[in-house]
Each structure stands twice: as C-alpha cells, then as structure tokens.
Amino acid sequence: MKSIAQIVCEHPFFEGLDTEFCDLMCGCARNVRFNAGEYLFHQGDDADYLYLVRHGQVALELAVPGKAPVRFQTLHDGDVVGISWILPPYHWACDARAIGLTRAIAMDAHCLRNKCDQDPALGYAVLNRLLPILAGRLHATQMQILDVYGAPEGPAG
Amino acid sequence: MTSTDFWLPEPVRVLRRQQELETTWTLELEPGKAGGRPCIPGQFNMLYMFGVGEVPISISGDTSLAESLVHTIRAVGPVSRQLAALQPMATVGLRGPFGVGWPMAAAEGSDLLLVAGGLGLAPLRPAIYHVLNNRERYGRVLLLYGTRSPEDILFHDQLEEWSKLPDFEVHITVDHAGSDWQGKVGVVPALVPTLAFDPEDTVAMVCGPEVMMRFTASALRGAGVEDDAIFLSMERNMKCALGHCGHCQFGATFICKDGPVLSFDRVRGLLSLKEF
C-alpha cells in the first residue's frame, strides 16, 4: 500500500517537486472520497482545501438565477480541483460536485499557505504549478465565452 | 472534361435528406459528373441554389461510394438555409470536387489524432470512413470531439459505434452542460494533454472554428507533435473555388485550391490574420 507521501508526490501536480518540499507538503494532506452527487464545496464558502484528484470525475458548476446550474468544466484523474485557496478572500468561486465515485487528496489550505509563506522557495514552486492551471482555465473560459460553435454573426452563406 | 466545366454548376437532384441537429441537415445528392471524378476526404463542392447564390460545402460522406455525394449543411445564411430545406427530388447546382484533402496516403502507418470542433466533424468524417475502409494501413485512431452542448453532438449514434471499435478511441467534451450530463465538460484542446499517444508517430487532423484549431495546434505542439504533422482544414471565405477571385487568399496561399487542408507549418504565421 502506498503512503500518503508517495501518493502526494506522485500526483501530477507535485511531480518533479523537490523531495524535501514534497515531504513538507504531505503534512497538510489526507485522503478523501466523494460519492456520486456529493459536493466537494459550494460557491461562496471558505476555500479551505486544495483537492488533488486521484480517480474520478468532478464537475464545476455555476448557479444561474432562475435556471438549472451550468456545468462548465469537468476535472479528472490527475487534475487539481480548487484554486481559490491561494487568493484572498479564500472563497470558492463555484460549486464542485463529484459525478462518480471520486478519490482525492485534500490539502489543508491554512497549512499550505503557512508553509508557502514560511518558505518562499516552496511558495514559488507551488505558484509555478498553479499558474499554468489558472492560465489554462482562463483560456478555456475565453474560448467558451466566444461560443465558437455557435452560428456566425453577420453575412454567411 | 474541359477546364470550363469547373465554372458551370451542374444540376443534380437531392436523393435523401436527414436532419442531424436543430439547424443542421445532411443531404445526399446525385453524384452527377462529379461522380466520375474521385473525391478525396477533406475536399469540398460548391453547391448553388439557383437564383440565390453558391456556397462551399465539405463532403461529409464516404468518398469510396460513387452512388451519391453527401454534404452536411448548417442553415446559417440565405443560401445554406435554402439548401438545408431542399427536399428529395429538388434540384441543386453542383461544381467540384475542389481542393486538397486530408493527407491520407502520407499518414499511412501512423497513428491518427483527429480533432473536431462542432460542425468540423463533418469534413473529418470522410477521413474516418477512409480509415475504416483501409484499417490495416493505420495505427490507433483517437477522435476528440468538442461541441457546444450535449444537444449539439453531431453524428451522435455514429460516434457511439466508432467508440466500440478496437483501436478507435472517441473522447467527447462539451463547452456547457446541465447537471444531467455525465460526460466531460471543457474545451477540446484541453483533452490533448490528457491523452497517451506517441507524438513522433502521430499525424493530427484538425477541423473546426479557427480559434479552436489555433488552441488545438498549440496543445498538439505542446504534446510534441511536429508542425508538419498537424493538418488544419481552413474554412475562410471561398467564392470561385479555383484560385481566381482571391476571396480566400491567405498570405501566398489560396484556401480553395491550395487547401482547405493545410499543414500547420504553412499556416502557423497566418492564423493571427483576421478575416473580413
């Protein structure tokens, strides 16, 4: 059976991270599981965790007044769920719900932030991993907003 | 056949019509003279609604079948709306086939990564038929399909059939969905880094809106696929289909006669040029 340290350090998010840093981070980690339909978090609540998905599928959803929630992204094995823990005021920006049985590592956000604050090199390494994810999600959102598959506006054959 | 034949629309009849999506129909046409000219996956025909106008429409059927020409049309403008509404036995003008298609011969022996966005699945479908008709010539096939919502999935039943084939993976993602959708949600380029494939032995064929193709090409490069192994089907404004009118000029390239399928190394620097 793998130790939690092994699981954390082998997760794509921490892959390649200095062993010393990785071990330090493991103190913030615990195994969690969510059944289909269970929420990892709700929009507006305190962003107290970073989730590293091991197996399963998590949907990010936004509540729209008067309409059913809109599912705008799904995250899968090896993905990171939850970015809001790194940015004040540390509140979730959307809902996250398990679509199927999902196993993940929950990293305590207070613990993570403390360790990153105490060791700027660790903080830099963590940010270096988070920023590409943030940028990727921003680009994806831009493309979704463009509604590129919709009917073209203006003259068309 | 004289060279002037390509300028003259030939009247052909609609054989069958099938609704695919709310605004999208597939028409099977009599092959006409074009039936005597072998089509290549990725090529297009000019379809003419007499008295209304002419539009380029990719071939979306099996190009090995000579008995009909299949086109999938989204009703978005005056010509395509009337084309899509045509009933069996109605007459339409046909010129073609035109253009350079997918590099099916050059891709033999390689794995194929096919990436389609929205209606972009239609021009890729002949390539898939070609692979299935010549299965031993190709390696693994990975088809990534992204579209707007679960209701907008084109050729839904066929995608399901293909996903059951050996060495044929189908990955579907939608931009938005309700909470009843159990599949993936997100943009199609984001699927590329999640796949296990050998970039050195893969030919990628991409078709969809230009923005989607730009991001997809970038993701493919990031995964290690060489620029000359990435092929995009460009769909800029084509009018004459013969490289004479200049409407579809793209740098030194004319999409209608040099494309619509072009390798990424040829168009990489031009993708930022806006179409007016």
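Just so you know, the residues in each chain are numbered from 1, in the order the chain's sequence is written. Lettering for chains starts from A, numbering for ligands starts from 1, and both go in the order in which the items are written. Thresholds applied to this predicted model are a pLDDT of at least 70 for local features of residues and 80 or more for the giving and counting of side-chain atom pairs; totals over whole chains, interfaces and linings are not thresholded and use all residues. Computation of side-chain values: all heavy atoms of the structure, hydrogens and water removed.

1. Considering the overall build of chain B
Helix and strand definitions here come from DSSP, where helices need a minimum of 4 consecutive H or I residues and strands a minimum of 2 consecutive E residues; each element is numbered from the N-terminal end. Within chain B one finds six helices and 15 strands. For 276 residues, the compact-globule estimate of 2.2 N^0.38 gives 19 Å, and chain B sits close to it at 18 Å. A total of 276 residues make up chain B; the buried ones form 55% of that total. For this analysis, residues touch if any pair of their heavy atoms sits within 4.5 Å. Partitioning the contacts of chain B with sequence separation of at least 6, the portion at a separation of at least 24 is 71%. About 11,700 Å² of surface is accessible on chain B, with carbon and sulfur atoms providing 51% of the total. Our radius of gyration looks at C-alpha atoms and nothing else; its globule reference is 2.2 Å times the residue count to the power 0.38. For the exposure calls, accessible area comes from a 1.4 Å probe over protein chains only, and a residue counts as buried if that area is under 20% of its type's maximum, exposed if over 50%, partly exposed in between. The method behind every accessible area is Shrake-Rupley, applied with a 1.4 Å probe, and residues are considered shielded solely by the protein chains displayed.

2. Quick look at the interface of chain A and chain B
Contacts between chain A and chain B engage 24 residues on the former and 30 residues on the latter. Once two parts are joined, some of their accessible surface, as seen by a 1.4 Å probe, is lost; buried area is that loss totalled over both. In this assembly, chain A packs against chain B so that about 2,200 Å² is buried in total across both faces, 59% of it on carbon and sulfur atoms. Considering only the side of chain A, the residues that lose the most area to chain B are Arg71, Met143 and Tyr149 of chain A, jointly responsible for 35% of the buried surface there. Salt bridge, as used here: a side-chain nitrogen of Lys or Arg that lies within 4 Å of a carboxyl oxygen of Asp or Glu. Our count for the chain A to chain B interface comes out at one salt bridge. Where arginine 148 of chain B meets aspartate 147 of chain A, a salt bridge forms, and the shortest distance between an N and an O atom there is 2.6 Å. Throughout this description, a polar contact denotes any pair of N or O atoms lying within 3.5 Å of each other; where both atoms belong to protein, one of them has to be capable of donating a hydrogen while the other can accept it, and for residues adjacent in sequence the pair is counted only when both atoms sit in side chains. On inspection of chain A and its partner chain B, the count reaches eight residue pairs in polar contact (both at pLDDT 80 or more). Of all the elements in the fold, those that place two or more residues in the side of chain A that touches chain B are β5 (70-75) and α4 (120-146) of chain A. Side-chain classes follow a simple rule in which Ala, Val, Leu, Ile, Met, Phe, Trp, Tyr, Cys and Pro form the nonpolar group, Asp, Glu, Lys and Arg form the charged group, and the remainder, Gly included, forms the polar group. Residues that form the side of chain A that touches chain B fall into these classes: 12 nonpolar, eight polar and four charged.

3. Describing the pairing of strand β3 (residues 44-49) of chain B
Along β3 of chain B, five of the six residues are buried, which leaves the element largely enclosed by surrounding structure. Hairpin connection between β3 of chain B and strand β4 (residues 53-58) of chain B: a loop of three residues separates the two successive antiparallel strands, and glycine 51 of chain B in this loop has a positive phi of roughly 85°. If DSSP finds at least two bridges between two strands, the strands pair.

4. Considering the confidence of the model for chain B
Scored from 0 to 100, pLDDT records how confident the predictor is in each individual residue. Across chain B, the average pLDDT comes to 91, with 96% of residues at 70 or higher. Per the prediction output, this complex has pTM 0.90; the corresponding ipTM is 0.86.

5. Here's the deal with the sheet that holds strand β7 (residues 95-98) of chain A
Residue and element names in this part refer to chain A. With respect to topology, four strands assemble into an open sheet ordered β2-β7-β4-β5, the strand pairing being antiparallel. Edge positions in the open sheet fall to β2 (39-41) and β5, since each of these has one partner strand only. With direction set aside, neighbouring strand axes in the sheet form an average angle of 30°. Examined bridge by bridge, β2 and β7 share two bridges and lie antiparallel to one another. Axis definition: a line fitted to C-alpha atoms, over the contacting stretch in the case of helices. Angles run 0 to 180 degrees between N-to-C directions.

6. A look at the domain arrangement of chain B
All names here are of chain B. Examined at the domain level, chain B breaks down into domain 1 (3-98) and domain 2 (111-267). Boundaries between domains were set according to an automatic or database domain assignment. Relative to domain 2, the C-alpha centre of domain 1 lies at a distance of 22 Å. Taken together, the contact pairs 24 residues of domain 1 with 24 residues of domain 2. Of the roughly 1,800 Å² buried between domain 1 and domain 2, counting both surfaces, carbon and sulfur atoms make up 67%. Per-residue buried area on domain 1 facing domain 2 is highest for Trp7, Leu21 and Phe44; these three make up 24% of the total on that side. Counting across the domain 1 and domain 2 interface gives zero salt bridges. Along the contact surface separating domain 1 from domain 2 lie four residue pairs in polar contact (both at pLDDT 80 or more).

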